[in-house]
4 protein chains.
Amino acid sequence: MPEVKINGVDIFYKITGDGDRVLVILNGIMMSAESWGGLLPSFTKAGYRVLNVDFRDQGKSQSSPVTYTISQHVEDLKGLLEHLGIAKCNLMGISYGGQVSMLFALTYPHMLETLILANTMARLTQYLIAIGESWDEAAKLKDGKKFFRLAMPLIYSDTFYEKNWKWLKDREELFSKILTAEWFERYLRLSSSHGDYDIVQHLTGIEVPTLVIASDKDIITPYHELLLIHEGIKDSKFIIIPEAGHASCYEKMEEFILIVLGFLAIND
Amino acid sequence: MPEVKINGVDIFYKITGDGDRVLVILNGIMMSAESWGGLLPSFTKAGYRVLNVDFRDQGKSQSSPVTYTISQHVEDLKGLLEHLGIAKCNLMGISYGGQVSMLFALTYPHMLETLILANTMARLTQYLIAIGESWDEAAKLKDGKKFFRLAMPLIYSDTFYEKNWKWLKDREELFSKILTAEWFERYLRLSSSHGDYDIVQHLTGIEVPTLVIASDKDIITPYHELLLIHEGIKDSKFIIIPEAGHASCYEKMEEFILIVLGFLAIND
Amino acid sequence: MPEVKINGVDIFYKITGDGDRVLVILNGIMMSAESWGGLLPSFTKAGYRVLNVDFRDQGKSQSSPVTYTISQHVEDLKGLLEHLGIAKCNLMGISYGGQVSMLFALTYPHMLETLILANTMARLTQYLIAIGESWDEAAKLKDGKKFFRLAMPLIYSDTFYEKNWKWLKDREELFSKILTAEWFERYLRLSSSHGDYDIVQHLTGIEVPTLVIASDKDIITPYHELLLIHEGIKDSKFIIIPEAGHASCYEKMEEFILIVLGFLAIND
Amino acid sequence: MPEVKINGVDIFYKITGDGDRVLVILNGIMMSAESWGGLLPSFTKAGYRVLNVDFRDQGKSQSSPVTYTISQHVEDLKGLLEHLGIAKCNLMGISYGGQVSMLFALTYPHMLETLILANTMARLTQYLIAIGESWDEAAKLKDGKKFFRLAMPLIYSDTFYEKNWKWLKDREELFSKILTAEWFERYLRLSSSHGDYDIVQHLTGIEVPTLVIASDKDIITPYHELLLIHEGIKDSKFIIIPEAGHASCYEKMEEFILIVLGFLAIND
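Everything numeric here is computed off the predicted structure, so don't read it as measured data.

Draft legend 1. The arrangement of the interface of chain A and chain B in detail. Chain A puts 28 residues into the contact, and the matching count from chain B is 28 residues. Of the roughly 2500 Å² buried between chain A and chain B on both sides combined, carbon and sulfur atoms contribute 63%. Among the residues of chain A in contact with chain B, A:Gln126, A:Tyr127 and A:Glu137 are the three that bury the most area, contributing 24% of the side total. At the junction of chain A with chain B, the criterion picks out eight salt bridges. Where chain A meets chain B, there are 12 residue pairs in polar contact (both at pLDDT 80 or more). At the level of secondary structure, the elements contributing two or more residues to the side of chain A that touches chain B comprise helix 4 (126-140), helix 5 (144-155), helix 6 (158-163) and helix 7 (165-178) of chain A. Among the elements that line the side of chain A that touches chain B, the one with the most residues is helix 4 of chain A, at nine residues. A class-by-class count of the residues in the side of chain A that touches chain B yields 14 nonpolar, five polar and nine charged.

Pasting the structure below:
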């Protein structure tokens, strides 16, 4: 489990596969480099070397010694890519990771071959601020089970609840075991990093081939927020995963994989 | 502020207006007889005598001395109507109140002239059970402000948050002041009254003229749950309030009022 | 069957009921003053005097001796209202009639108490131009049955076709009998009257209380075109009729009536 | 331009690429083997040998000497695959071609590796029958330009009309040149081949890995018809192409390609 000190913080990363082409994956705010086990084999089989990374304050990476805004992760990632000698990559970000990915694309466009954005947003709406406050209240309880119960109905779709109750209840147990007080403190710092994030006007500056994935039942980042991104980024393709909520990469894993692989294929 | 002992519990009610025709309003689970101030003048002006009522464990009604299921409210309402000498009424129920209303229509159809169902459901889906668990966790904190922050993003639409941030923040303050420990205990009993509520197969038994109101952004009781009710009740009209969430009677009060008044008018 | 010469053309109109308040109804392009039989009793019972009118080149009104644009109907209507001594009215327009109604509201706002707009548009999109071309080709065949078959799949929803096949086939027969060569010539002149209709920027000038009705399956004037109108007219209420296409006043007649009556009631 | 006599009819086909894996493409009713020029390079580059084929009465294939139902194409295709020595293939069908593909999957499942179904239906609804009648009336005029104007508004989305007016007008010209009287006679025979097509109950018999593609603005085969197919075929993936109508493979060609390539990749 390699890690490297970037901008004064130990950043954990994981490389899987040995293809020439690199796929970097940036996590949603509650995820980590370990969250992608189900998807990795498909990407590596397709010839990609996958780089998973934990943001500072996330997963196995070190806590941030300083306060920061979301742009800090752009610098951390750039440092990591340079350390690894990766000059160009395909960058995929989910939700919070998608926000970081768009900022990266605006700052270091020459390091990207393609950009993949799933269930993410280009601005903080009042509704997203309210969801952030809701999850912050939940996090402050520092209880994994309560956090799961309080936060998940916004994340998974009603369709998914209907068909995967046991899986969700198992996951609730898992959360209650692995979410420590420290996890919640780190989560709260990540959550407070958004600042007044709004890059809608800058989207036209993203010129790298881009894939935008929405889910039809995503409450947090609904269709029209993804459409806004698609309309802003000229060279973007737009796809909807039906019968899925915000966690499309879990709810409809195979659909998610096939869309990503197809997009990578046409840009190969 | 009249109240009367029904089935051993003091039930609070309020009568406004003096028309011949009676409109009975059953509250959503977090509401009370006092929640309808903005809508009453339109109903009384249209010639209706409005009966607002607090369920046992709600508003100013007494706490229930016994455990009960949601059907108990049907008996309480029937007792109240008999006490008041109301032989027939138009019955309107929102969300939880809509569930009670449908049960009432199945049990005492001869007491109804029409039935109005807004943002409600004929069954407990797994998703609704999860939302129930979420709100129960929030209620157990016995803190009005936290409860508001944790529960509201599922209730109000993103559109409403965008345009009414200050109103919502004022309401958050209000909740923090008026939601007492006792309120939360009573809420939790109401919340646990659902049992295994599922009346989908019985809907064809409702023969009274019925209005079904859905909102296009209702996460809790989405369009397809209301469609299910509309398809089940033969003599039902179905209308959607656009750009609104679960709290359509607040989010789009005038649209809500006009639909109800129009429905009452064609059945007059 | 009264008619009166307005701006050099005999305009047919029909008055039903004798209430103090007046409801003027403007037809869709393929309709006429005779199309509203099913809805009239509800409006008159509610106390409205209903004025139906045929545009020049429509129904029993005279053909236009001159070429004209859609604004001509505004002047014709104004003349008719003056002739009838109607100083103020509630104006309801469907589709083409809705376009005329908005132009009337911009030109003679003092003559309106309220405005009701159903399944209409504030601009000609390229798609609407293509539909216009399609129907013009169909009209040029001067065969009622062919016209019905060619034009109706865009007008009625799939849901309506599923449940009303016989009614639609009867109507196809009716069209084949009553649509004469002259009807088609007049239709083609009405159809060519749109010019470069686009009043989106002027909608903010409409200040009269307005009701906007959309249908969820309207292909011709879909939801977003009605939303545009709602967003433009400040004092407007917006309602969706579900499971209906462009012909909402036929497909869901009772829902249509109740929304209109409710809107009139809150503005009474 | 190879052709071969199958079941007494010269069937035209075209092979592009030389991969080991075969992708067979079945056309929509108004298309032909020549319609796929824009998509072929992506498929061949990805290593597929593509077999395009014209149904009897379509494109360069011979007219049918006998009347037939849609199942006849299944036998013709089977004969062609045997003639070419193709034991197994990936079968992709659009609209009418999708109907044939599902019938093929039910009859000769051992000849399929995967099945790709775009903008198609498992049953003839009353609405589809009405559209069929509409297009038959249009075809009987035997005029390419009129046919284009009359039929296309149901096929392309309003979004596509808005952005591609010139392309559509050029295509209108093309239709007026290449659609001969014979083309229309052949079209009418294809159109009459549906019989009482309804395979909804048989979908569970399709066990081959399947991709189902819907468009959000498809009027002819709307979302719920594709959902029906997805729910019927157990091992199926479901994707929506947004801002597109029935002609998704033209309207959003790159999105269409990437979804197909991704699906083929995960089943490779």
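From this point, things continue past the structure.
Draft legend 2. Examining the UniProt feature "domain: AB hydrolase-1" (unreviewed entry) in chain A more closely. What UniProt calls "domain: AB hydrolase-1" (unreviewed entry) maps, in this numbering, to residues 22-252 of chain A. Secondary structure within residues 22-252 of chain A divides into 45% helix and 16% strand; the distance between the first and last C-alpha atoms comes to 23 Å.

Draft legend 3. Inspection of the relation of the copies chain C and chain D at higher detail. When chain C is fitted to chain D, the residual RMSD is 0.0 Å, and the transformation amounts to a turn of 180° plus an axial shift of 0.0 Å. Interpreted geometrically, this transformation is the action of a two-fold axis. The overlap is high: 100% of the interface residues of chain C also sit at the interface in chain D, so the same surface is used on both sides.

Draft legend 4. Region of the structure containing the pattern of salt bridges. Tallying each qualifying case throughout the model produces 76 salt bridges over all chains. Here A:Asp170 makes a salt bridge to A:Lys166, at a shortest N to O gap of 2.8 Å. With A:Asp170 and A:Lys166 both in helix 7 and four residues apart, the pair spans about one turn of that helix. Here C:Lys14 makes a salt bridge to C:Glu34, at a shortest N to O gap of 3.5 Å. One end of the pair, C:Lys14, is in strand 2 (residues 9-16); the other, C:Glu34, is in the loop between strand 3 (21-26) and helix 1 (40-45), with 20 residues separating them in the sequence.

Draft legend 5. Main features of the packing of aromatic side chains. Throughout the structure, instances matching the rule amount to 60 aromatic pairs over all chains. When the centroid spacing of 5.5 Å and the interplanar angle of 55° are considered together, the rings of A:Phe104 and A:Tyr108 count as tilted. Of the two residues examined, A:Phe104 and A:Tyr108, each falls in the buried class. On the numbers, 5.6 Å between centres and 70° between planes, the contact of D:Phe147 with D:Tyr187 is edge-to-face.

Draft legend 6. Focus on the relation of the copies chain A and chain B. Expressed as a screw operation, the relation of chain A to chain B combines 0.0 Å of axial shift with a rotation of 180°, fitting to an RMSD of 0.0 Å. A symmetric contact is evident, with 100% of the interface residues of chain A recurring at the interface of chain B.

Draft legend 7. Summary view of the interface of chain C and chain D. Each partner contributes residues to the interface: chain C has 28 residues there, and chain D has 28 residues. Regarding the contact of chain C and chain D, the summed buried area is about 2500 Å², with carbon and sulfur atoms giving 63% of it. It is C:Gln126, C:Tyr127 and C:Glu137 that lose the most area in chain C upon contact with chain D, and together they represent 24% of the buried surface on that side. C:Glu133 is the partner of D:Arg149 in a salt bridge, and the nearest nitrogen-oxygen pair spans 3.7 Å. Counting every contact that joins chain C to chain D gives 12 residue pairs in polar contact (both at pLDDT 80 or more). Elements supplying a minimum of two residues to the side of chain C that touches chain D: helix 4 (126-140), helix 5 (144-155), helix 6 (158-163) and helix 7 (165-178) of chain C. In terms of residues, the side of chain C that touches chain D owes the most to one element, helix 4 of chain C, which gives nine residues. Class assignment of the residues belonging to the side of chain C that touches chain D gives a composition of 14 nonpolar, five polar and nine charged.

Draft legend 8. View of the side chain of A:Ser134. Summarising the element assignment, A:Ser134 is placed in helix 4. Residues contacting A:Ser134, with those up to four places away along its chain left out, are B:Arg149, B:Leu150 and B:Pro153.

Draft legend 9. Molecular detail of the arrangement of the chains. For the non-touching pair chain A and chain C, the nearest C-alpha separation works out to 12 Å. No interface is formed between chain B and chain D, the nearest pair of C-alpha atoms being 12 Å apart.

Draft legend 10. Expanded view of the pairing of strand 8 (residues 236-241) of chain C. Residue and element names in this part refer to chain C. With respect to burial, strand 8 is a largely interior element, six of its six residues being buried. Side chains of strand 8 alternate between two faces, with Ser-236, Phe-238 and Ile-240 and Lys-237, Ile-239 and Ile-241 buried alike. Each parallel crossover has a hand, and the one from strand 7 (residues 210-215) via helix 9 (residues 223-232) to strand 8 is right-handed.

Draft legend 11. Spatial organisation of the packing of helix 4 of chain A against helix 8 (residues 181-191) of chain A. All names here are of chain A. At a closest axis distance of 9 Å, the pairing of helix 4 and helix 8 adopts a crossing angle of 160°. One finds that helix 4 runs roughly antiparallel with respect to helix 8. The hand of the helix 4/helix 8 crossing is left-handed. Touching Trp-135, Asp-136, Ala-139 and Lys-140 of helix 4 are Phe-184, Tyr-187, Leu-188 and Ser-191, all from helix 8. Looking at the contact of helix 4 with helix 8, its residues break down into five nonpolar, one polar and two charged.

Draft legend 12. Structural detail: the nonpolar core. One finds B:Phe147, C:Phe147 and D:Phe147 to be the most contacted residues of the largest nonpolar core, which totals 409 residues. Those residues in contact with D:Phe147 that sit more than four places away from it in its chain are D:Met30, D:Trp135, D:Ala138, D:Ala139, D:Met152, D:Phe175, D:Leu179, D:Trp183, D:Phe184 and D:Tyr187.

Draft legend 13. Examining unusual backbone geometry more closely. Residues and elements named next belong to chain A. Positive phi is not limited to glycine here, since Asp-57 has a value of about 70°. Its location among the elements puts Asp-57 in the loop between strand 4 (48-53) and helix 2 (71-84). By relative accessible area, Asp-57 is classed as buried at 2%.

Draft legend 14. Highlighting the environment of A:Phe43. All names here are of chain A. Looking at where Phe-43 falls in the secondary structure, it is placed in helix 1 (residues 40-45). When its relative accessible area of 0% is taken as the criterion, Phe-43 is described as buried. As for Phe-43 and Ile-257, which are separated by 214 residues in sequence, their C-alpha atoms are 7.9 Å apart.

Draft legend 15. Quick look at helix 4 (residues 126-140) of chain D. Relative to the 21 Å expected for 15 residues at 1.5 Å per residue, helix 4 of chain D spans 21 Å between its end C-alpha atoms, a close match to the ideal helical length. The buried fraction of helix 4 of chain D is high, at 11 of 15 residues. Residues D:Tyr127, D:Leu128, D:Ala130, D:Ile131, D:Glu133, D:Ser134, D:Trp135, D:Asp136, D:Glu137, D:Ala138 and D:Ala139 constitute the buried set of helix 4 of chain D. Buried positions along helix 4 of chain D lie against helix 5, helix 6 and helix 7 of chain C together with helix 5 (144-155) and helix 8 (181-191) of chain D. Note on helix 4 of chain D: the residue one or two positions beyond its end, D:Lys142, has a positive phi of about 50°.

Draft legend 16. Local environment of the environment of C:Tyr161. Looking at the secondary structure, you find C:Tyr161 in helix 6. Sequence-wise, C:Tyr161 and C:Phe184 are 23 residues apart; in three dimensions their C-alpha atoms are separated by 25 Å. Setting aside anything within four residues of it in sequence, one finds C:Tyr161 in contact with C:Met152, C:Pro153, C:Tyr156, C:Leu168, D:Gln126, D:Tyr127 and D:Ala130.

Rules of the game
Residues numbered from 1 in each chain as written. Chains lettered and ligands numbered in written order. Predicted model: local features only at pLDDT ≥ 70, side-chain atom pairs only at ≥ 80, totals over all residues. Heavy atoms only, no water. Contact = heavy atoms within 4.5 Å. Buried area = accessible area lost by both parts, 1.4 Å probe. Salt bridge = Lys/Arg side-chain N within 4 Å of Asp/Glu carboxyl O. Polar contact = N/O pair within 3.5 Å; in protein donor to acceptor, adjacent residues only side chain to side chain. Helix = DSSP H or I, 4+ residues; strand = E, 2+ residues; numbered from the N terminus. Nonpolar A, V, L, I, M, F, W, Y, C, P; charged D, E, K, R; others polar. UniProt positions renumbered as here; feature names shortened; annotations may be inferred. Least-squares fit on C-alpha atoms with pLDDT ≥ 70 in both. Phe/Tyr/Trp six-rings, centres within 6.5 Å; stacked < 30°, edge-to-face > 60°. Buried < 20%, exposed > 50% of the residue type's maximum accessible area, 1.4 Å probe, protein only. Right-handed = clockwise from strand over helix to strand, strands pointing away. Axes fitted to C-alpha atoms, helices over the stretch in contact; angles between N-to-C directions. Parallel < 35°, antiparallel > 145°, perpendicular 65-115°, else oblique. Left-handed = near helix turned anticlockwise from the far one by under 90°. Core = buried A, V, L, I, M, F, W, Y, C linked by side-chain atoms within 4.5 Å. Expected span 1.5 Å × (residues − 1).

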